[in-house]
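If you want the building blocks of each chain, they are given just below.
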Amino acid sequence: MPANPPETGDVFLPSTYATAVPYGLFARLREEDPVCWVPEPAVGPWRAGPGYWAVFRHADVKHVLRTPEDFSSHLGATQIRDPDTPADLRFVQAMMLNMDPPGHSRLRRIVAAAFTPRAVRALERAIAERAAALFAAGECDFVEVAADLPVWTLAHVMGVPPRDSRLLYDWASRVIGYQDDDYAALSTADVASLSPMGRLAVAARPEPRPGVNPRSRAALADMFTYAHALAKTPIDDKSVMSAMRRGGLTEEEFENMFFLFAVAGNETLRNGIPGGLLTLLDHPGELARLRADPSLLGSAVEEMLRFWPPVVHFRRTATRDLTLGGRRVRAGDKVVVYHASANRDPAVFPDPDRFDVARSPNDHVSFGFGPHVCLGAHLARAQFRAVFGELLSWDVEPAGAPMRLTSNFQNGLKHLPVRLKKGEAPSGGGAPPAERRRPRPPSSGPTA
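A few points on the structure. Keep in mind that this is a model prediction, so the values were computed, not measured.

### Thoughts on the overall build of the protein chain
Moving on, step 1. Across its full length, the protein chain holds 17 helices and twelve strands.
Moving on, step 2. Seen along its three principal axes, the alpha-carbon backbone of the protein chain occupies a region of about 60 × 55 × 40 Å.
Moving on, step 3. The burial tally for the protein chain puts 59% of its 448 residues in the buried class.
Moving on, step 4. Taken as a whole, the protein chain presents about 17400 Å² of accessible surface, with 55% of it coming from carbon and sulfur.

Printed below as a string of C-alpha cells:
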C-alpha cells in the first residue's frame, strides 16, 4: 500500500476524537490527498486491521455512497472494524444497513411506512409536547436531558412500553460508546421498574469480555432476548414491530432490524442535539440571529447537522478493481467515507468553517446519500425542530466544560452542563408551526 504521512494514522485513532473532530487534518487531506491509505493499528483489546482507503471530498463521498455495485455495504458490513468471525459477518449482513439492493430495498419497504412525512406529521404534536416538558429552570446536563426525546420517540414507534425505554438508552450506549470506558458497560435501567420482558432481558445480559465486539450477536444477547419477547406481545398495528412481524423476516433479519432501530435511531439524536446546542453556544451571534427570526429554525437545523455531523464516517468494500480519486483501489479493499470532512468541503460550502443558521443551499451528507439515505431523516428533523423550537424561549448559558465521547465513529458529547432560565418567547410568539418552518430537504438525508 502507498506510504502516507504519519498523521494519516490519526484519522483512525479514537483518541484523536476525544478532544475534537480533526477538521484541520481533514482539510489538508482533502486538498493534498483526498483518497489516502490509513493504517488500522490495534487499540487496547481490539486487534489491528488491514487498513483502508479514506475518502474526504464531498463529490467522492457521494459517488461511493450512490454506487453499491462498486462499493458494497454487504461484503464487509459498514464498520471500519471487521467482524471477528465469519459467523459474526454473516449475522450482521442480515441488517438492512449492511445490505445492497435488491435485498436492502426489500427490507426498507417493509418498515418505510412508519417514517413517511405523513406518519411523522402525525407524531409531531406529541414530540413537541414531550420536548417542551424536558426543560426546567436551573442547571442540568443537557446530554442527559436531550437523550430523553429520541428514546421516548423510538419506544413509541417500536411499541416498547415506556417503563422499558431506558433499555434502549443502555443498548445504544454500549454499542456507540464501546471505545469509551464510561459507556462501554453502561447500565442505568432500574430493574425493579421494568416489565417482565425487560427483567428477562437484563437477566440475559452477558458479562462484558475484553476484545469481544460489542456489536456482535453474543454481546447483545439481552437486546435480542427482549426483541423476541416484545414480538410475542400485543402491539399497535402501526408500529415498526408490527410491520416487521408482517414482513416475513428471517430470525437474523428480525434481530438486526430491531438492533438498527434501537441503536441507529437513537444515536443520531443523542449526538446531534447536544452538539447542535454546543455549536449555538459557541456562536452567540448566530443564536441571537435565530432568536430574532425563528423562521430560520429549519435552515438552522440543517446547518447544525452539517456543522456537527452525528456520524463521522461509514465504511464500504470495493467489489472490483477500480480507480477512485486517482488511487488504484483493489477488490476487497475497505473504503471509508468521511461525512464530517465532506460537510466542510469548500467546493460545495462557501466559507465552510463558518456556522450560518441561514445557509442555503445546504447539501450536507450527515444523513447519508444514495440507497442508504436515512429512513428516519424526517423523524430526526422533527425532533431537532421540537427541541430547538422550545429552546428559543429559554435563556441558555454554559455551566461547565463539555466532555466529548471517545469514538472515531460517533461525534458525541458525554456531558454538556448548562444553566436554563425561562426567557421571553421569540418574536412572532415562538417558533412557527413545523409544516411552515421545514425547509425543502437537501439531497442528503441517519442511514439505513
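### Focus: the packing of aromatic side chains
Moving on, step 1. By the definition in use, this model includes 16 aromatic pairs.
Moving on, step 2. Ring centres 5.6 Å apart and planes at 40° place the aromatic pair Phe 26 and Phe 56 in the tilted group. Linking Phe 26 in helix α1 (residues 23-32) with Phe 56 in the loop between β2 (52-55) and α2 (58-66), this pair joins segments that are 30 residues apart in sequence. We note that Phe 26, like Phe 56, is buried.
Moving on, step 3. A centroid spacing of 5.5 Å and a plane angle of 55° characterise the contact between Phe 26 and Tyr 338, whose relative ring orientation is tilted.

### Some points on the packing of helix α7 (residues 165-176) against helix α10 (residues 221-231)
Moving on, step 1. The geometry of α7 relative to α10 is characterised by a closest axis approach of 11 Å and an angle of 145° between their N-to-C directions. In the packing of α7 onto α10, the handedness of the crossing is left-handed. Judged by residue contacts, Leu 167, Trp 171 and Arg 174 of α7 engage Asp 222, Met 223 and Tyr 226 from α10.
Moving on, step 2. Residue classes in the contact of α7 with α10 are distributed as four nonpolar, no polar and two charged.

### A look at the pattern of salt bridges
If the charged atoms of two oppositely charged side chains come close together, the side chains can form a pair.
Moving on, step 1. Considering all chains together, one arrives at 27 salt bridges under this definition.
Moving on, step 2. When the shortest N-O distance is used, the salt bridge between Glu 144 and Arg 166 registers 2.8 Å. Of this pair, Glu 144 sits in helix α6 (residues 142-158) while Arg 166 sits in helix α7, placing them 22 residues apart in sequence.

### Section: the sheet that holds strand β5 (residues 313-318)
Moving on, step 1. Taken together, the five strands give an open sheet; going across it, the order is β1-β2-β8-β5-β3, and neighbouring strands pair in mixed fashion. In this open sheet, the two strands that pair with only one neighbour each are β1 (35-38) and β3 (71-72).
Moving on, step 2. By the bridge criterion, two bridges tie β3 to β5 in an arrangement that is antiparallel. Of the residues in β5, the one forming a bridge with Phe 71 is Ala 318.
Moving on, step 3. The strands that α2 touches are β1, β2, β3, β5 and β8 (334-338); relative to β8, the one it contacts most, it runs at about 125°.

### Focus: the packing of α10 against helix α12 (residues 251-282)
Moving on, step 1. As a packed pair, α10 and α12 sit with axes 10 Å apart at the nearest point and diverge in direction by 105°. When the axes of α10 and α12 are compared, the pair comes out roughly perpendicular. Contacts between α10 and α12 pair Met 223, Phe 224, Tyr 226, Ala 227, His 228, Leu 230 and Ala 231 from the former with Glu 251, Phe 254, Glu 255, Phe 258, Phe 259 and Ala 262 from the latter.
Moving on, step 2. Residue classes in the contact of α10 with α12 are distributed as ten nonpolar, one polar and two charged.

### Notes on α7
In an α-helix there are 3.6 residues to a turn, and that puts residues three or four apart on one side.
Moving on, step 1. In a regular helix each residue adds 1.5 Å, so twelve residues correspond to 16 Å; α7 covers 17 Å between its end C-alpha atoms and thus fits that length.
Moving on, step 2. Extensive coverage of α7 is indicated by the burial of eleven of its twelve residues.
Moving on, step 3. Looking only at α7, the buried set comprises Ser 165, Leu 167, Leu 168, Tyr 169, Asp 170, Trp 171, Ala 172, Ser 173, Arg 174, Val 175 and Ile 176.

### Describing the nonpolar core
Moving on, step 1. One finds Phe 142, Phe 258, Phe 388 and Leu 391 to be the most contacted residues of the largest nonpolar core, which totals 105 residues.
Moving on, step 2. Counting residues per element, this core draws most heavily on α12, at 15 residues.
Moving on, step 3. The residues touching Phe 142, leaving out its near neighbours within four places in the chain, are Phe 135, Ile 273, Pro 274, Leu 277, Val 387, Leu 391, Leu 416 and Val 418.
Moving on, step 4. In terms of nonpolar packing, the next biggest core, distinct from the first, is built from 18 residues, Val 11, Tyr 17, Val 21 and Phe 56 among them.

### Here's the deal with helix α5 (residues 117-132)
Moving on, step 1. With 16 residues, α5 should reach 22 Å at 1.5 Å per residue; the first-to-last C-alpha distance of 22 Å fits that figure.
Moving on, step 2. The principal kink in α5, of about 40°, is found at Leu 123.
Moving on, step 3. For α5, every residue scored as buried is listed here: Val 120, Leu 123, Glu 124, Ile 127 and Ala 131.

### Here's the deal with unusual backbone geometry
Moving on, step 1. For the bond from Pro 101 to Pro 102, the omega torsion is 5°, close enough to zero to count as cis.
Moving on, step 2. Within the secondary structure, Pro 102 is located in the loop between α3 (86-92) and α4 (103-111).
Moving on, step 3. Cis peptide bonds are those with omega within 30 degrees of zero, and the linkage from Ser 360 to Pro 361 qualifies with 0°.
Moving on, step 4. On the secondary structure map, Pro 361 appears in the loop between α15 (339-342) and α16 (377-391).
Moving on, step 5. One non-glycine residue, Ala 77, adopts positive backbone phi at about 70°.
Moving on, step 6. On the secondary structure map, Ala 77 appears in the loop between β3 and α3.
Moving on, step 7. Taking the relative accessible area as the measure of exposure, Ala 77 reaches 5% and is therefore buried.
Moving on, step 8. One non-glycine residue, Asp 351, adopts positive backbone phi at about 50°.
Moving on, step 9. Residue placement: Asp 351 occurs in the loop between α15 and α16.

Definitions and limits used
Residue numbers restart at each chain and count upward from 1, following the sequence in its written direction. Local features in this predicted model are restricted to residues whose pLDDT is 70 or higher, and side-chain atom pairs enter the listing and the counts only when it is 80 or higher, whereas totals over whole chains, interfaces and linings include all residues. To get the side-chain values, take all heavy atoms of the structure and skip hydrogens and water. Segments assigned H or I by DSSP are reported as helices when at least four residues long, segments assigned E as strands when at least two residues long, and all are numbered from the N terminus. Accessibility here uses a 1.4 Å probe with only protein chains present; expressed as a share of the type maximum, an area under 20% marks a residue as buried, one over 50% as exposed, and anything in between as partly exposed. The method behind every accessible area is Shrake-Rupley, applied with a 1.4 Å probe, and residues are considered shielded solely by the protein chains displayed. Each Phe, Tyr or Trp ring, with Trp reduced to its six-membered ring, pairs with another whose centre is within 6.5 Å; inter-plane angles below 30 degrees give stacked pairs, above 60 give edge-to-face pairs, and intermediate values give tilted ones. Each axis is a line fitted through C-alpha atoms, taken for helices only over the stretch in contact, and angles between the N-to-C directions span 0 to 180 degrees. Helix crossings get a hand from a simple test, with the near helix turned counterclockwise from the far one by less than a right angle marking a left-handed crossing and a clockwise turn marking a right-handed one. The contact criterion used throughout is that any non-hydrogen atoms of two residues lie within 4.5 Å. Put simply, Ala, Val, Leu, Ile, Met, Phe, Trp, Tyr, Cys and Pro go in the nonpolar bin, Asp, Glu, Lys and Arg in the charged bin, and everything else, Gly too, in the polar bin. One speaks of a salt bridge when a side-chain nitrogen belonging to Lys or Arg is within 4 Å of a carboxyl oxygen belonging to Asp or Glu. Two strands qualify as a pair provided DSSP detects at least 2 bridges between them. Any angle from 65 to 115 degrees is called roughly perpendicular, while one under 35 is roughly parallel, one over 145 is roughly antiparallel, and all others are oblique. Each helix should span, by expectation, one fewer than its residue count multiplied by 1.5 Å. Only buried residues count toward a nonpolar core, which is a set of Ala, Val, Leu, Ile, Met, Phe, Trp, Tyr and Cys residues joined through side-chain atoms within 4.5 Å. The term bend refers to the angle at a residue between two fitted axes, each drawn through seven residues, those ending there and those starting there.

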